[in-house]
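Each chain, written out:
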Amino acid sequence: MPRTVPDSVAFPSSAPHGFLIDMDGVIYRGSQLIPGADRFVRDLISLNLPFFFLTNNSQRTRRDVVTKLHRLGIDVDESHIFTCAMATARFLAAQKPKGTAYVIGEGGLLHALHQNGYSIVDHDPDYVVVGEGRTVTYEMVETAVRMVMGGAKLIATNLDPNCPTQAGMRPGCGAIVAMLETATGRRAFSVGKPSPVMMRAARKELGLDAAKTTMIGDTMETDILGGVQLGYRTILVLSGGTSREDLVSFAYRPDIVVDSIADLSASQLAGLDALFAG
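To start, this report covers the structure provided alongside it. This is a predicted model, so every value here is computed, not measured.

In this description, a pair of aromatic rings is defined by centroid distance and the angle of the planes. This structure, assessed with the given rule, holds five aromatic pairs. Between the aromatic rings of Tyr118 and Tyr127, the centroid separation amounts to 6.3 Å while the plane-to-plane angle is 45°, which identifies the pairing as tilted. Neither Tyr118 nor Tyr127 differs from the other in exposure class; each is buried. For Lys68, the ring lying beneath its charged end belongs to Tyr28, and the centroid distance is 4.1 Å.

What follows concerns the packing of helix α3 (residues 84-95) against helix α4 (residues 107-115). Running from amino to carboxyl end, α3 crosses α4 at an angle of 30°, the nearest separation of the two axes being 8 Å. Considering the angle they form, α3 stands roughly parallel to α4. Both α3 and α4 take part in a crossing whose hand is right-handed. Between α3, through Ala85, Met86, Ala89 and Leu92, and α4, the contact on the second element is made entirely by Gly108, Leu109, Ala112 and Leu113. By residue class, the composition of the contact of α3 with α4 is seven nonpolar, one polar and no charged.

What follows deals with the pairing of strand β15 (residues 213-217). Among the five residues of β15, five are classified as buried, and the element is accordingly described as predominantly covered. Burial along β15 is two-sided: the residues Thr213, Met215 and Gly217 and Thr214 and Ile216 are all buried. The sheet contact formed by strand β3 (residues 18-21) and β15 spans four bridges and is parallel. Residue pairing across strands places Gly18 opposite Thr213, the latter belonging to β15. Summarising the sheet, β15 and strand β16 (residues 233-237) pair through four bridges and their orientation is parallel. Each bridged residue has a counterpart across the sheet, and for Ile216 the counterpart in β16 is Ile235.

Analysis parameters
- Residues numbered from 1 in each chain as written.
- Predicted model: local features only at pLDDT ≥ 70, side-chain atom pairs only at ≥ 80, totals over all residues.
- Heavy atoms only, no water.
- Phe/Tyr/Trp six-rings, centres within 6.5 Å; stacked < 30°, edge-to-face > 60°.
- Buried < 20%, exposed > 50% of the residue type's maximum accessible area, 1.4 Å probe, protein only.
- Lys NZ or Arg CZ within 6 Å of the ring centre and 35° of its normal.
- Axes fitted to C-alpha atoms, helices over the stretch in contact; angles between N-to-C directions.
- Helix = DSSP H or I, 4+ residues; strand = E, 2+ residues; numbered from the N terminus.
- Parallel < 35°, antiparallel > 145°, perpendicular 65-115°, else oblique.
- Left-handed = near helix turned anticlockwise from the far one by under 90°.
- Contact = heavy atoms within 4.5 Å.
- Nonpolar A, V, L, I, M, F, W, Y, C, P; charged D, E, K, R; others polar.
- Pairing = 2+ DSSP bridges.

Purely geometric stuff here, so don't read any function into it on its own.
Set out below in structure tokens:
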């Protein structure tokens, strides 16, 4: 059973331990900072502990994400951001260098593909790549269906069915992908959380072993599942999309459950190995 930590959790400055941290529901909700998140990140930086903010949002570039965090009072740079758009573009560049893609998505995804040598086309693409999009039209979906039926491979940046906004939920990448899968009879390959493609790539870029990696997230189906599958330590925060009552519905468990990231203290240095073993 996962343990609840009511006061504070401390992390060592000696061992090479690092963190993959979800953002929405962990660091902020919409445009509001979750109390204590800024202090936790400052402690990670001051202790020189490696970390990435890991996001399934493909709309924003790393610079856009950094700007949002700065406005919330969190002083990080682009080297701390790892998006599913980056993971998708790097994966495709490794699979087929200098390939072509028809994209249903926005600036973050387009920028990542260009940075990794991909051309965006409107006919005969190697891949149809789907991300979040507020400007998706039926014409775009129809075009994508024809391309996939014509032989293009279907790639999803993630399979999240919906996305939280200040106005409420809106359809996510997974909802668009489901429509394409139903229409074509083809299954999409998904790169974002909980896919090991993204979560392993982030861990390797930080130079960490799996046993020295902790995933902090608010969603059992993505953050915690991905961490469990790869042998990472996992911390579920209840400040986002999961309640304590939800845990009985899952066959897997996080190592630790806390109310929010404010309950995690990097500065006390009590020792992460002892915490998980205790």
